[in-house]
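Coordinates in review
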Amino acid sequence: MEQKTVLGSMGTANWSTEGGTAYEVALEGINHVVGAYSGLIAQAQAAGDAEHAQALISEQGAWAARKNGLTPADRAGVDSLTAECTRTLNRLRGEA
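The notes below deal with the structure included here.

About the criteria used
- Residues numbered from 1 in each chain as written.
- Predicted model: local features only at pLDDT ≥ 70, side-chain atom pairs only at ≥ 80, totals over all residues.
- Heavy atoms only, no water.
- Helix = DSSP H or I, 4+ residues; strand = E, 2+ residues; numbered from the N terminus.
- Buried < 20%, exposed > 50% of the residue type's maximum accessible area, 1.4 Å probe, protein only.
- Contact = heavy atoms within 4.5 Å.
- Areas by Shrake-Rupley, 256 points an atom, 1.4 Å probe, with all protein chains shown as cover.
- Core = buried A, V, L, I, M, F, W, Y, C linked by side-chain atoms within 4.5 Å.
- Axes fitted to C-alpha atoms, helices over the stretch in contact; angles between N-to-C directions.
- Parallel < 35°, antiparallel > 145°, perpendicular 65-115°, else oblique.

Some details on the overall build of the protein
- Assigned secondary structure in the protein consists of three helices and zero strands.
- By the burial criterion, 27% of the 96 residues in the protein qualify as buried.
- The contacts of the protein with a sequence gap of at least 6 include a subset with a gap of at least 24, amounting to 68%.
- Of the accessible surface of the protein, which amounts to about 6,400 Å², a share of 53% is contributed by carbon and sulfur atoms.

Structure follows, in structure tokens:
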């Protein structure tokens, strides 16, 4: 009986090493944005501002969902998202 492996069914990558690294950087950027939202949500909840906390939770969820559409094969999209992460983190850190 032949045993199948996960790696055996993956096929060949259609992106470069640099593209793969850029993709990982973008994923990490999303994680940082999601984390920054967590801090702001906690602040809003501590202040008793449930409406603002809910808006932040919604924005956080939208950022977390962006991982699903990201692919290392779309280098322009990856680079654009990384830049957007930087801008968003700067804005969110200004709110803290």
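Points about the nonpolar core
- Residues Ile-30, Val-33, Tyr-37, Trp-63 and Leu-70 are the most contacted members of the largest nonpolar core, which totals 20 residues.
- Of all elements in the fold, only helix H1 (17-46), helix H2 (50-69) and helix H3 (75-95) reach the threshold of two or more residues within this core.
- Other than its neighbours up to four places away in sequence, Trp-63 contacts Ile-30, Val-33, Val-34, Tyr-37, Leu-81, Glu-84, Cys-85 and Thr-88.

Considerations on the side chain of Gln-60
- Within the secondary structure layout, Gln-60 lies in helix H2.
- Since its relative accessible area comes to 16%, Gln-60 is described here as buried.
- For Gln-60, the residues in contact, after removing those within four places along its chain, are Val-34, Tyr-37, Ser-38 and Ile-41.

Considerations on the environment of Leu-27
- Among the structural elements, Leu-27 can be located in helix H1.
- On the accessibility criterion, Leu-27 (15% relative accessible area) is buried.
- In sequence terms Leu-27 and Arg-66 are 39 residues apart; their C-alpha atoms lie 9.1 Å from each other.
- Setting aside chain neighbours within four positions, we find Leu-27 in contact with Lys-67 and Leu-70.

A short note on the packing of H1 against H2
- Close contact between H1 and H2 brings their axes to 9 Å; oriented N to C, the two are set at 170 degrees. Accordingly, the angle class assigned to the pair H1 and H2 is roughly antiparallel. Here Leu-27, Ile-30, Asn-31, Val-33, Val-34, Tyr-37, Ser-38, Leu-40, Ile-41, Ala-44 and Gln-45 of H1 lie close against H2, whose contacting residues are His-52, Ala-53, Leu-56, Ile-57, Glu-59, Gln-60, Trp-63, Ala-64, Arg-66 and Lys-67.

Comments concerning the side chain of Thr-88
- Note that Thr-88 resides in helix H3.
- In contact with Thr-88, other than residues within four places in its own chain, are Val-33 and Trp-63.

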